[in-house]
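# Close look at the chain arrangement
In case you want the letters, here they are:
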Amino acid sequence: MLAFDPGVRQSVSYVDGDVSEWAEDDVVTINDNARLSMKSDEKFIYLLIETDSFDKETLYLPIDIISGQGNTTFNGDSLGMGADFILRLDGQHNSALLVDPYYDATYYQYAIMSSIIDRNPAYEQTDTGVFVGAGV
């Protein structure tokens, strides 16, 4: 078992509603409706999403970690990029990090390497528009 703790030093961010610890250098993108900032340490990725116009219950945030790969659509909508993950922010009990099945390590281990579960050919193709994860 491994733990990636930031140690005894102060965390780079605290989830406490105080945005004074965030700086302009933390901003990763700005559009007409929102501003997204990010920080990280050995344990967590911290996101600050600032918007005045969000009126939906659920926010989906596409995350691209490998350029030129990933899904370009989700729920029939274009993402404008190839996303490897979707962060679903939907309350305390329904939020999840969804993954393109092509990158799902659990599927690879149990379906491809050990044949414990049945293979799903759709999970072995790229740009299917499908994401999997808890609560999906």
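Residues numbered from 1 in each chain as written. Predicted model: local features only at pLDDT ≥ 70, side-chain atom pairs only at ≥ 80, totals over all residues. Heavy atoms only, no water.

The next point concerns the confidence of the model for the protein. Model confidence for the protein is summarised by a mean pLDDT of 87, while 94% of its residues fall at 70 or above. Across the protein, the element-wise mean pLDDT spans from 85 in helix H1 (residues 91-94) up to 94 in strand S5 (residues 71-74). (pLDDT = per-residue confidence, 0-100. Helix = DSSP H or I, 4+ residues; strand = E, 2+ residues; numbered from the N terminus.)

Here we come to the nonpolar core. Counting six residues, the largest nonpolar core is built from Phe74, Ala83, Ile86, Ala96, Leu98 and Phe131. Leave out the neighbours within four places in its chain, and Phe74 touches Tyr60, Leu79, Ile86, Leu98, Gly129 and Phe131. (Core = buried A, V, L, I, M, F, W, Y, C linked by side-chain atoms within 4.5 Å. Buried < 20%, exposed > 50% of the residue type's maximum accessible area, 1.4 Å probe, protein only. Contact = heavy atoms within 4.5 Å.)

Here the structure, examined in full by the defined rule, presents four salt bridges. With a shortest N-O distance of 2.6 Å, Arg35 and Glu24 are connected by a salt bridge. On the criterion of sequence distance, the pair formed by Arg35 in strand S2 (residues 35-40) and Glu24 in the segment before strand S1 (27-30) is long-range, its members being eleven residues apart. Look at Glu24 and you get exposed, because its relative accessible area is 56%. For the salt bridge of Glu50 with Arg35, the shortest nitrogen-to-oxygen distance reads 3.2 Å. Of this pair, Glu50 sits in strand S3 (residues 45-50) while Arg35 sits in strand S2, placing them 15 residues apart in sequence. (Salt bridge = Lys/Arg side-chain N within 4 Å of Asp/Glu carboxyl O.)

To continue, consider the sheet that holds strand S7 (residues 85-89). Ordered by their spatial adjacency, three strands build an open sheet running S4-S7-S8, and the pairing between neighbours is antiparallel. The strands lining the two open edges of the sheet, one partner per strand, are strand S4 (59-63) and strand S8 (96-99). Strand after strand, the sheet turns through a mean of 25° between neighbouring axes, direction not considered. Bridge analysis of S7 against S8 gives four bridges, and the strand direction is antiparallel. Its bridge partner lying in S8, Phe85 is registered against Val99. (Pairing = 2+ DSSP bridges. Axes fitted to C-alpha atoms, helices over the stretch in contact; angles between N-to-C directions.)

Right, let's get into the side chain of Ser37. Tracing the sequence through the fold places Ser37 in strand S2. If sequence neighbours within four positions are ignored, Ser37 has contacts with Trp22, Asp26, Val27, Val28, Tyr46, Leu47 and Leu48.

Inspection of every chain in the model, using the stated rule, returns five aromatic pairs. Seen from their ring centres, Tyr102 and Tyr103 are 5.6 Å apart, and the 85° between their planes marks the pair as edge-to-face. A ring pair is formed by Tyr107 and Tyr123, whose centres lie 5.1 Å apart and whose planes are at 65°; its orientation type is edge-to-face. Separated by 16 residues along the polypeptide, Tyr107 in helix H2 (residues 105-113) and Tyr123 in the segment after H2 bring together distant segments of the chain. One aromatic cluster is present, built from ring pairs that chain together Tyr60, Phe74 and Phe131. The ring centre of Trp22 lies 5.2 Å from the NZ or CZ of Lys39, which sits over that ring. (Phe/Tyr/Trp six-rings, centres within 6.5 Å; stacked < 30°, edge-to-face > 60°. Lys NZ or Arg CZ within 6 Å of the ring centre and 35° of its normal.)

Turning next to the sheet that holds S1. Here we have three strands laid out as an open sheet, ordered S1-S2-S3, and antiparallel in their pairing. Edge positions in the sheet fall to S1 and S3, since each of these pairs with one other strand and no more. Between one strand and the next, the sheet's axes are offset by a mean angle of 15°, whatever the strand orientation. Of the strand pairs in this sheet, S1 and S2 are connected by three bridges, and their pairing is antiparallel. From the neighbouring strand, Thr29 faces S2, where its bridge partner is Leu36.

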